[in-house]
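Given next are the chains, with one letter for each unit.
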Amino acid sequence: MMCSFEQPGNRKVCWENRVDRSGLKGKSFEISKQLVWEAYRRVAANKGAAGVDGQSVEEFEGDLRNNLYRIWNRMSSGTHFPPPVKAVEIPKPDGGVRVLGVPTVADRIAQTVVAMTLESRTERIFHPDSYGYRPKRSALDAIDMCRRRCWRKNRVLDLDIQQFFDSVDHDLMIKAVQANTTEKWVVLYVKRWLTAPLQRPDGTLVERDRGTPQGSAVSPVLANMFMHYAFDMFMVREFPAVEFERCADDAVVHCTSEQQARRVWAALAKRMEQVGLRLHPDKTRIVFCKNGRRPGTYPVTAFTFLGYTFGPRAARDKHGKVFLSFNPAVSPPALKAMGARVRRWRLHRCVTLSLNELVDMINPIVAGWMNYYGRFYRSRLYALLYRINNYLMRWARMKFKRLKSYKRFRKWWNGLIDREPGLFKHWVWVRGF
C-alpha cells in the first residue's frame, strides 16, 4: 500500500500498489503517481466548473483514490483520450464574447501533469519580459515595468493579435513542444488535447484543426511556448535594443521614435503571418507617451494593457508639486464591469442577510479589485467604493426601521466604523458616501 499522500482535511489517501498486477514493464510510459497527486492538488485548489460530464471537484473527490489511479493508469498506458471540451461564452467588457473551454476534472488533472512537466523545462528558457502564467510573476509586474519604460521612451507599439487562442497553428505548436521535451507521452497528449472537439451548449460538437481553448490547464504553458518562439525570440534576434512586456498574447513594445515603431510594426506583421497569426488592423497602433516634458499634439496618447489604461495624468513629486506624468489607472471597461457587478448584487434589497453575511459576500471580490486595480492610481476606484457604501446605507435603513432618520443612521454608521474599522475591506480607503 502507498499511504504517502494526503487530501484536504488531513485524510489519508492510500493507493493500492496495483503496479504489482500489471507491472511497470507493461506500461508504455513512466509517469510517477506523485506527479498525478500534485496535479490534483493544483486543480482542487483552483476549483473550477464541471466539464461535459457534469462532475464537480467535490464529486471527483468522493472516490479520490480510484479516480486518481484511473488517470495515472490510463496516462501511463497511453490510453487517456480527452472528452469534448465544454464551451462557455464569457461577455467581453468592450462587447462580444470570449469562448472558454472547460475540460472535465479528470482531464484537467491530466493536462496539469503535462503542464508541470513542460514548466520544469520552459521556465529556464522563457524571456524575462514574459509575465503571463508564470511562477513569481504577475500581470502587475508587467504593468509596473511598462510604466517605467513609458517614462524613458516616448513611443509605444500597442499590439493586438487577432483571435490568438482560436488561430494557433497546431503543427508549429507541436514543434515547440518537441523542442522542449524528450517525453513522447507529453507530445502524444498535447496532440490529442489540441484536436479535442468543443461541445456547445446545445450539445453540438465543433471539430478543431487550429487553436487551443482558453480555460484548459495546459493552454497557458502552450501559449507561452508558442509566443516565446513566435514573438520573444524574434524580437531578441531582430530588435535586440527594443524592450517589451508580454503577458500571453498581449504585448507592448517600447520605441524611441515613430520611425522605429513603424519598422517594428511592419516586421511583426510579417512575422505573425509566417506563424499563422495576424495583428488586428484596427487595435494595433502607435501611441505617444505624452507628459509634461513632451509637449505637442498627437492623435493617440493612451493605450490599455492588462485592464489598465496608460495615459497622461496629474501626479505629485516628492515636494508636493503637481506635474503631468504618463501613468496607468483602471481602464473604463474594467470599471464599468465592476460597477455592473455591484448593481447585480442589489445590496439594498438583501435585508434577509446579516451584516456579517454581507461582509462574507462582497469582501473577497472587492479585496481582489483593490489588490489588482488599486496598485496604481487607486483614486480612480474611489467612486466605485463610495457606491458600495451608498448601497450599504440603503440596506441598513431598510433593514433597521429605527435608522430611517439620517441622524440616527449616521450615528450607527460612525459607531460601527469605530468598533470595526476593517469590517469591509474597502473601508481602508473609503468610509463615506
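Please refer to the structure higher up on the page.
Numbers given for residues are sequential positions, taken from 1 along each chain in its written order. With the structure being a predicted model, the display of local features is reserved for residues of pLDDT at least 70 and the display and counting of side-chain atom pairs for 80 or more, all residues being used for whole-chain, interface and lining totals. Note that water and hydrogens are dropped before the side-chain values are worked out from all heavy atoms of the structure.

**Q** I would appreciate a short explanation of the overall build of the protein chain in the present structure.
**A** Of the regular secondary structure elements, the protein chain holds 15 helices and 13 strands. A principal-axis box enclosing the C-alpha atoms of the protein chain has dimensions of 75 × 65 × 45 Å. Taking all 433 residues of the protein chain together, 48% fall into the buried category. Note on contacts: a residue pair qualifies if any of its non-hydrogen atoms lie within 4.5 Å across the two residues. For the protein chain, the share of sequence-separated contacts (at least 6 apart) that also reach a separation of at least 24 residues comes to 67%. Measuring between centres, the 74 positive side-chain charges of the protein chain sit 9 Å from its 41 negative side-chain charges. Numbering of helices and strands starts at the N terminus; helices are DSSP runs of H or I of at least 4 residues and strands are runs of E of at least 2. Between buried and exposed lies partly exposed: a residue is buried under 20% and exposed over 50% of the maximum accessible area for its type, with that area taken using a 1.4 Å probe on protein chains only. None of His or the chain ends enter the tally, which takes Lys and Arg as positive and Asp and Glu as negative. By convention, charge coordinates are those of NZ in Lys, CZ in Arg, CG in Asp, or CD in Glu.

**Q** Looking at this model, I keep getting lost on helix 6 (residues 139-152). Mind explaining?
**A** Over its 14 residues, helix 6 extends 20 Å from the first C-alpha to the last, a length consistent with the 20 Å expected when each residue adds 1.5 Å. Of all the residues in helix 6, the buried ones are Ala139, Leu140, Ala142, Ile143, Cys146, Arg147, Arg149 and Cys150. For a helix, the expected span equals 1.5 Å multiplied by the number of residues minus one.

**Q** Sorry, what's going on with the pairing of strand 5 (residues 155-160) here?
**A** Where a strand is regular, its side chains alternate between the two sheet faces. Where burial is concerned, most of strand 5 is hidden: 5 out of the 6 residues are buried. Note on pairing: two strands pair once DSSP finds at least 2 bridges between them. Here strand 5 pairs with strand 9 (residues 250-255) via 6 bridges, running antiparallel. Looking at strand 9, one finds that valine 156 is bridged to histidine 254. Sheet topology note: the strand 5/strand 10 (residues 285-288) ladder contains 4 bridges and is antiparallel. Bridged to arginine 155 within strand 10 is phenylalanine 288.

**Q** Mind showing me how you'd approach the sheet that holds strand 11 (residues 303-305) here?
**A** As a general point, the strands of a sheet are linked pairwise by backbone hydrogen bonds and lie either parallel or antiparallel. Judged by pairing direction, the sheet is antiparallel, and its 3 strands sit side by side in the order 11-12-13 without closing on themselves. Here the strands that pair on one side only, and so sit at the sheet edges, are strand 11 and strand 13 (322-330). Recorded for the sheet is a direction-independent mean angle of 50° between the axes of neighbouring strands. Lines fitted to C-alpha atoms define the axes, with helix axes restricted to the stretch in contact, and inter-axis angles between N-to-C directions lie between 0 and 180 degrees.

**Q** Could you clarify how one ought to interpret the environment of histidine 348 in this entry?
**A** Mapped onto the elements, histidine 348 comes out in the loop between helix 12 (332-345) and helix 13 (355-373). With residues up to four places along the chain from it excluded, the contact list for histidine 348 reads Tyr391, Arg394, Trp395 and Met398. Polar contacts here mean pairs of N or O atoms no more than 3.5 Å apart (in protein, one a potential hydrogen donor and the other a potential acceptor; neighbouring residues in sequence count only if both atoms are side-chain atoms). Engagement of the side chain of histidine 348 in a polar contact is seen with the side chain of arginine 394, the distance being 3.4 Å.

**Q** Which parts of the structure should I look at to understand the packing of aromatic side chains?
**A** Two descriptors summarise a pair of aromatic rings, namely the distance from one centre to the other and the angle between the planes of the rings. Two rings belonging to Phe, Tyr or Trp (six-membered ring only in the last case) form a pair when the distance between their centres is within 6.5 Å. Interplanar angles under 30 degrees mark stacking, angles over 60 mark edge-to-face geometry, and anything in between is tilted. The final tally for this structure, using the stated rule, is 24 aromatic pairs. Here the aromatic rings of tryptophan 395 and phenylalanine 400 are separated by 5.9 Å at their centres, their planes lie at 85°, and the arrangement is edge-to-face. The class for tryptophan 395 is buried, based on a relative accessible area of 1%. Taken together, the aromatic side chains of Trp395, Phe400, Tyr406, Phe409, Trp412, Trp413, Phe424, Trp427 and Phe433 make up a single cluster linked through ring pairs. Here, a charge over a ring is recorded when the distance from Lys NZ or Arg CZ to the ring centre is within 6 Å and its angle to the ring normal is within 35 degrees. The ring centre of tyrosine 131 lies 5.6 Å from the NZ or CZ of arginine 137, which sits over that ring. Residue placement shows arginine 402 over the ring face of phenylalanine 400; its charged tip is 6.0 Å from the ring centre.

**Q** What am I meant to see in the side chain of serine 216 here?
**A** Structurally, the position occupied by serine 216 is in the loop between strand 7 (205-206) and helix 10 (219-238). For serine 216, a relative accessible area of 7% corresponds to the buried category. There is a polar contact of 2.5 Å between the side chain of serine 216 and the side chain of serine 219. Not counting residues up to four positions away in its chain, the partners in contact with serine 216 are Gly101, Pro103 and Gln111.

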